[in-house]
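Analysis of the macromolecular model
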Amino acid sequence: MSDFSEELARPGSEDGQVETSVVSGTGMHFPWLWKHLDTVATRGKKKKDFAQTTGACLSLIQEALLKQRWQQAAEYMHSYLQTLEDSDSNKKQMAPEIIWKLGSEILFYHPKSSVKTFSAFADQMKNVGVLNYLKISLQHALYLIHHGMLEDAHRNLSQAETWRYGEKSSSQETLINLVQAYKGLLEYYSWSKKKMELSQCDKDDYAYSTEARNTFRHSWKTSVNFSSLIKTPGVWDPFVKSYVEMLEFHGDRDGARKVLTNYAYDKKFPSNPNAHIYLYSFLKRVRAPRAELLRALQILYQIVPSHKLMLEFHTLLRRSDREEHRKLGLGVLFGLLDFAGCTKNITAWKYLASYLRQILMQNHLGWVQEEWKSRRNWWPTFHFSYFWAKSDWKEDKDLAYEKAFVAGMLLGKGTASRCEMTNPYGLICISLKFGAV
């Protein structure tokens, strides 16, 4: 980090007055540093306490980071390195990880930082904080990926993959699996490019069969890097998606289904909407029975009732022969439109208008009353106010018509006055003949 402070290597202040400064081991001068530390650590008293001084230095670094003063934070880091010599064994053990996290943050954002500087710092910290070797290697690789240096990142992960220290603990095993999985993700990227190139080749060409064999071998080798990680409870979305794509490429649909089913339904895994989205998408691709599709979307509905797939869920429920499914289909639409982000979803309003007409004609008024009971006090203002009527009429007349139809169904005669509406809603509540709910 000494490269960041070149302009500070000066003997005095700008006005020519010599000030007391700290001189680092690299010959760098840090004016005012000890003055700050003494003031903060001792509240004005001249105490030479190591713990207080390093604690104050850490506070100054954190404050500089919060205020995005990267140069200042880099200066303080020079002094904070003394924590590696702390007499307190616990603090000394924690120091390498703290220094790595703070230093990498500074180096990531510092305007004078470079990939070379970051990599040099990472390599040094791997040796200092041996217990953090895997974490640092992984973060170093992600930094290289961020800068488009994929080959260097892959090489970094390959080295970390073979690293061992002492007895293999469960946490160490998880980190190794994670390192292997990120390595697999880089290989998946290369495989995707090969697959794209393969799709553009002439299948009758000899080169196609050779390239296809290479692609198959590459994907099988890569997918092995994912298998261990995704068995560990956690949220592994990019790894699961990549692994399933490769399994499907090999024609192993049963394997892909098993992976996705376990990811979605295993109670040891945290609740994850994407797990059910991935499973539903796969089931659609393989034309699975409706019951399986409904099961996947049922859980997604419980987790994210405003998801766009709820419109597909409604359609499946509406076509079901079971009455409880058709009743739930109405609740799904109401639940979707409860969210502010869905108020302009014209498809949802069309579905609701159509379905209200259908179920009322089938004498299921009780279904509508049940859903409307908890909404009658806030839906009129939320959806059918004069403000929204005017806005909808101006921006999308089709949406205004659908909402007016639903307003007429739910509020009945007097809709215009009860919603504080004039035209446009008042004139287009053509559904008044169905009566109020």
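Scroll up a little and you will see the structure.
Structural notes, computed from the coordinates. (Residues numbered from 1 in each chain as written. Predicted model: local features only at pLDDT ≥ 70, side-chain atom pairs only at ≥ 80, totals over all residues. Heavy atoms only, no water.)

Broken down by element type, the protein chain carries 21 helices and two strands. When burial is assessed residue by residue, the protein chain has 44% of its 437 residues classed as buried. Taking contacts inside the protein chain between residues at least 6 apart in sequence as the whole, the part at least 24 apart equals 58%. Per element, the accessible surface of the protein chain, about 24000 Å² overall, is 51% carbon and sulfur. (Helix = DSSP H or I, 4+ residues; strand = E, 2+ residues; numbered from the N terminus. Buried < 20%, exposed > 50% of the residue type's maximum accessible area, 1.4 Å probe, protein only. Contact = heavy atoms within 4.5 Å. Areas by Shrake-Rupley, 256 points an atom, 1.4 Å probe, with all protein chains shown as cover.)

Moving on, we come to unusual backbone geometry. Here the phi dihedral of Gln 68 falls at roughly 60 degrees; this positive angle occurs in a residue that is not glycine. Non-glycine residue Asn 363 carries a positive phi angle of around 65 degrees. Position of Asn 363 relative to the elements: it lies in the loop between helix 16 (346-361) and helix 17 (365-373).

Attention shifts here to the nonpolar core. Where a protein is soluble and globular, its nonpolar side chains tend to be buried together. If you look at the biggest cluster of nonpolar residues, it comprises 80 residues, and the most contacted ones within it are Trp 236, Leu 330, Leu 352, Leu 356, Trp 379 and Leu 410. When residues in this core are grouped by element, the largest group, eight residues, is from helix 16. The next biggest cluster of nonpolar side chains, apart from the first, holds 23 residues, and it includes Leu 60, Ala 74, Ile 106 and Phe 118. (Core = buried A, V, L, I, M, F, W, Y, C linked by side-chain atoms within 4.5 Å.)

Helical periodicity: at 3.6 residues per turn, an α-helix aligns residues three or four positions apart in one direction. Looking at helix 17, one finds that the buried residues are Trp 367, Val 368, Glu 371 and Trp 372. For helix 17, the angular spread of the buried residues around the axis is 120 degrees, confining them to a single face. (Arc of directions from axis to C-beta.)

We now examine the pattern of salt bridges. Any two side chains of opposite charge can pair, so long as their charged atoms come close to each other. Summed over all chains, the structure comprises 16 salt bridges. Salt-bridge contacts for Lys 126 lead to Asp 123; the nearest nitrogen and oxygen are separated by 3.5 Å. Of this pair, Lys 126 and Asp 123 both sit in helix 5 (residues 115-128), three residues apart, which is roughly one turn of the helix. Classification of Lys 126 by relative accessible area gives buried; the value is 6%. Of the charged contacts in the structure, one is a salt bridge between Arg 322 and Glu 324, with a shortest N-O distance of 2.7 Å. Under the relative-accessibility criterion, Glu 324 is labelled partly exposed at 44%. A network of salt bridges, in which partner residues are shared, links Lys 344, Asp 392, Glu 395 and Lys 403. (Salt bridge = Lys/Arg side-chain N within 4 Å of Asp/Glu carboxyl O.)

All buried positions along helix 19 (residues 386-395) are accounted for by Ala 389, Ser 391 and Asp 392. The inward-facing, buried residues of helix 19 contact helix 20 (397-411).

We now examine the side chain of Glu 187. Structurally, the position occupied by Glu 187 is in helix 8 (residues 170-199). With no salt bridge to any partner, buried Glu 187 finds its closest opposite charge in Lys 183, at an N-O distance of 4.4 Å. Within the local environment of Glu 187, its side chain forms a polar contact with the side chain of Asn 225, the two groups lying 2.9 Å apart. (Lys, Arg positive; Asp, Glu negative; His and termini not counted. Polar contact = N/O pair within 3.5 Å; in protein donor to acceptor, adjacent residues only side chain to side chain.)

A few words now on the packing of aromatic side chains. We describe a pair of aromatic rings using the distance from one ring centre to the other and the angle between the two ring planes. Per the stated rule, a full pass over the model turns up 24 aromatic pairs. Look at Trp 100 and Phe 121: their rings are 5.7 Å apart centre to centre, the planes differ by 15 degrees, and that puts the pair in the stacked class. Here the residue Trp 100 occupies a position in helix 4 (residues 89-109), and Phe 121 occupies one in helix 5, the gap between them amounting to 21 residues. Its relative accessible area of 3% is what places Trp 100 among the buried residues. Take Phe 121: its relative accessible area is 8%, and that puts it in the buried class. Centroid distance Phe 226 to Phe 239: 6.2 Å. Interplanar angle 50 degrees. Geometry classified as tilted. Of this pair, Phe 226 sits in helix 9 (residues 206-227) while Phe 239 is found in helix 10 (residues 237-249), placing the two residues 13 residues apart along the sequence. Taking relative accessible area as the criterion, Phe 239 reaches 3% and is therefore assigned buried. An aromatic cluster is defined as three or more aromatic residues linked by ring pairs; in this entry it consists of Trp 70, Trp 100, Phe 108, Tyr 109, Phe 118, Phe 121 and Tyr 143. A cation over a ring is seen here: Lys 126 above Tyr 133, with NZ or CZ 6.0 Å from the ring centre. (Phe/Tyr/Trp six-rings, centres within 6.5 Å; stacked < 30°, edge-to-face > 60°. Lys NZ or Arg CZ within 6 Å of the ring centre and 35° of its normal.)

Here we come to the packing of helix 4 against helix 5. Direction vectors running N to C along helix 4 and helix 5 enclose 175 degrees, while the axes themselves pass 11 Å from each other. Considered as vectors, helix 4 and helix 5 are oriented roughly antiparallel to each other. Residues Pro 96, Ile 99, Trp 100, Gly 103, Ser 104, Leu 107 and Phe 108 of helix 4 pack against Thr 117, Phe 118, Phe 121, Ala 122, Met 125 and Val 128 of helix 5. (Axes fitted to C-alpha atoms, helices over the stretch in contact; angles between N-to-C directions. Parallel < 35°, antiparallel > 145°, perpendicular 65-115°, else oblique.)

With that out of the way, let us pick up the side chain of Thr 83. Note on placement: Thr 83 falls in the loop between helix 3 (70-80) and helix 4. Its relative accessible area of 5% is what places Thr 83 among the buried residues. Polar side-chain contacts of Thr 83 include one of 2.9 Å to the backbone oxygen of Tyr 80.

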